[in-house]
Amino acid sequence: MQGWRFIAQRALTETIVDWDVPFALSSNPKRDLSGPGSMTGTITPEYSRIIGDDGLPVLEEWGTKLYLEIDGEIRWGGVVTKTSFDGPQFTVACEGFSCYPHGIPYEGYIISGKKITPKDPYAGKDKNHDGWVDGKKGKQKVPPAPKPYGGPRIDVFDAFRHIWWHVQSRTGGDIGLDIDSHDLGELLGTSDGEDPWELAWWDNPDCGQVLDTLTSQTPFDWLETHAWANSTSNTITHRIRLGKPRLGRKRTDLRFMDGENIAAIAKPEGMGDDYANEAIVLGKGEGKKMKRAQVYRPRDGRLRRVATVTDKTLSSEKALRTRGDKELAGRTANLQIPAIQIWDHPNARFGSWSLGDDIRVQVHVPWVGDVDVWHRIIGDEISADGMCTLTLKRSDSFHY
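Residues numbered from 1 in each chain as written. Predicted model: local features only at pLDDT ≥ 70, side-chain atom pairs only at ≥ 80, totals over all residues. Heavy atoms only, no water.

The tally for this structure, following the rule as stated, stands at 25 salt bridges. Between D380 and R31 there is a salt bridge, and its shortest N-O distance comes to 2.7 Å. Separated by 349 residues along the polypeptide, D380 in strand β22 (residues 369–382) and R31 in strand β3 (residues 24–32) bring together distant segments of the chain. Looking at R31, the relative accessible area reads 24%, which means it is partly exposed. R323 is the partner of E327 in a salt bridge, and the nearest nitrogen-oxygen pair spans 3.0 Å. Here the residue E327 and the residue R323 both occupy positions in helix α4 (residues 317–329), the gap between them amounting to four residues, near one helical turn. Comparing E327 with R323, the two get one shared label, buried. The structure contains a network of salt bridges with shared partners spanning D158, R161 and D183. (Salt bridge = Lys/Arg side-chain N within 4 Å of Asp/Glu carboxyl O. Helix = DSSP H or I, 4+ residues; strand = E, 2+ residues; numbered from the N terminus. Buried < 20%, exposed > 50% of the residue type's maximum accessible area, 1.4 Å probe, protein only.)

This is the structure in C-alpha cells:
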C-alpha cells in the first residue's frame, strides 16, 4: 500500500482531523456510475476512541468524511455512515456523498408544465345563453373561451440541481457538493399542461428517491468526483458531473486483452430468464384509466418474452416509452462479461479511464471461444495488491 493513505475530515467544517487513519480495507473502495459507491474497513478499537482537537471522535457516523489518497491523488471520497464493533475489530462503513439525500424529505413545492386556464373575459356576459353578448344581440357573438395551455417547464438538470440545493441549503445539510451548471435540453411535464411534473411537500417525497427517478426516467449519467483544489492547498473539492446525455467516450486508445493486462474475468453471463424483447410499462392511474405503453425490440427470431414495469410517476406517452426502451436495453440475451480484473499496464494505466467509457474487451471464454465485445465501465474498485476490478455492461445494452 505504498503511496496510500486515508484522510479524515469533519463533515461540515471540512477541517482535517487525521492525515493518516490506520484503516484496513475489508471491501475495496468502489466508484459507481450514477451512484454513490462504497468503502468498508476496520481499525483497532483503541483508535476508535481517539478524540480530535474539537473534542469529537475522529470517526463519527455522518460527522466524518473519509478519503483514499493514492500517490497524492484523491481516488475515493465518502462519508462515514455506520460504525460497529465486530469482535475485537471496529468496523467502519462509508458511502459516497451522493448517498446523503436518501432519507431527507422534500419540504417545498415546484411544478413544471402546470395547466393554466386563462380567464374568460366574456364569462357571465351571456346570461340568457343565446350566444350573443348581452345587449349586443345581432352585433357581437360570444367568442369561444380561451384554451388552457401549459405553463413554464423545468429542464431535467435544473430539477436535479434544485433537489440538491434544497438538501444542502438546510442548516447542517451542506455536504459540499457542486453540481454542473449546464442543461440537458429535456423539459419535465408536457407543453399542453395535461401532464405536469409536480413535487410537493404534502406527498412526503424522499429527495434521494426523486433524484433516482429523474435519472431512470430520462437517459443521462452523473458521476461524483473529489480532488485537491491545487497542489499547495489542503482543500478538497467535490463535484457531481452531469452527462448530456451520457458520460464517457469510446476508448480506442486503451487495450484490455486476456494474457496482457487482464488477470481474471467474472463468469460470462446472458440474461436467461430475464431476457425480454417486449416491455409493457404501467404508469399513473388505476383500472381502465391507467396510463400504459408497449415497446418492442425488432424481432430477432426468438420467442416473445415480455417484461412488465410499473412506475406510478409516469403518465406521458414519451416518459412511458423511454422507460420501456431503457428496460429492454438492459435485457439483451447477448453474452456479457460482468467484470474484469486488471493490473497496471501500458495498455491501460490506472486512472486512464473514466466511468462511462466504452472499452473493447478481448477474452477467451471456455465453450464459447474468443469474445471481442465493447463494454461500458459502470464501476471500478482498486485494491491494495495493485489490482483493479472494472464492473462492466455491454455497450449495446444502453439506450440514449
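Moving on, we get to the packing of aromatic side chains. Aromatic ring pairs: the centre-centre distance and the angle between the two ring planes describe each pair. Summed over the entire model, instances satisfying the criterion amount to eleven aromatic pairs. Between Y109 and W202, the ring centres sit 5.2 Å apart and the planes meet at 20 degrees, which makes this aromatic pair stacked. Taken together, the residues Y109 in strand β8 (residues 109–112) and W202 in the loop between β12 (197–200) and α3 (207–217) connect sequence positions 93 residues apart. By way of ring pairs, the aromatic residues F157, F160, F220 and W222 are connected into one cluster. The lysine or arginine in question, R376, covers the ring of F398, its NZ or CZ lying 4.7 Å from the ring centre. Above the ring of F398, the side-chain terminus of K393 is found at 5.5 Å from the ring centroid. (Phe/Tyr/Trp six-rings, centres within 6.5 Å; stacked < 30°, edge-to-face > 60°. Lys NZ or Arg CZ within 6 Å of the ring centre and 35° of its normal.)

The strand order across the open sheet formed by three strands is β11-β14-β13, and the pairing between neighbours is mixed. Among the strands making up the open sheet, the edge pair consists of β11 (178–179) and β13 (222–228). Against the sheet, helix α2 (residues 156–169) touches β11, β13 and β14 (236–242), its axis set at about 145 degrees to β14. (Pairing = 2+ DSSP bridges. Contact = heavy atoms within 4.5 Å. Axes fitted to C-alpha atoms, helices over the stretch in contact; angles between N-to-C directions.)

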